[in-house]
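# Breakdown of the fold
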Amino acid sequence: MPRYPTVPAVMIGWFRRDESYAGLGLGEALLFDTIKTVAEAPIGAHAIFADAIDAKAAASYAAFGFTPLPDRPHTLYLPIATAQRLLSGETS
């Protein structure tokens, strides 16, 4: 965004769950709750950013609609407007 070099955003931290709980959807539930919390918060952020630890984590964020930055594929973002549309059930 060259015209807007400083756009407010929220950076979310890494999610981790114990391996014994793998496959139960807890990571997805945590991410969904985080997206919902940020999208509904009365703050002036325009996007949610995440730094994925590896390609598998980046793919998980991408499955939720996050887009990787062209020069940093493990850094992904989700515009707040997109998150709000997804949460409201809109498909386009």
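Below you will find a few notes about this structure.

### Some details on the nonpolar core
In terms of nonpolar packing, the biggest core is built from 18 residues, with I12, I35, I48, Y61 and F66 touching the most fellow members. When contributions to this core are tallied by element, the ones reaching two or more residues are β1 (10-12), α1 (26-40), β2 (47-51), α2 (55-63), β4 (72-79) and α3 (80-88). Excluding residues within four positions of it along the chain, I35 makes contact with I48, F64, F66, L78, A83 and L87.

### Comments concerning the packing of aromatic side chains
One pass over the structure, following the stated rule, counts 2 aromatic pairs. Arranged with centres 5.9 Å apart and planes meeting at 35°, the rings of F49 and Y77 form a pair that is tilted. One end of the pair, F49, is in strand β2; the other, Y77, is in strand β4, and 28 residues separate them in sequence. A relative accessible area of 21% means that F49 is categorised as partly exposed.

So, how was this worked out
- Residues numbered from 1 in each chain as written.
- Predicted model: local features only at pLDDT ≥ 70, side-chain atom pairs only at ≥ 80, totals over all residues.
- Heavy atoms only, no water.
- Core = buried A, V, L, I, M, F, W, Y, C linked by side-chain atoms within 4.5 Å.
- Buried < 20%, exposed > 50% of the residue type's maximum accessible area, 1.4 Å probe, protein only.
- Helix = DSSP H or I, 4+ residues; strand = E, 2+ residues; numbered from the N terminus.
- Contact = heavy atoms within 4.5 Å.
- Phe/Tyr/Trp six-rings, centres within 6.5 Å; stacked < 30°, edge-to-face > 60°.

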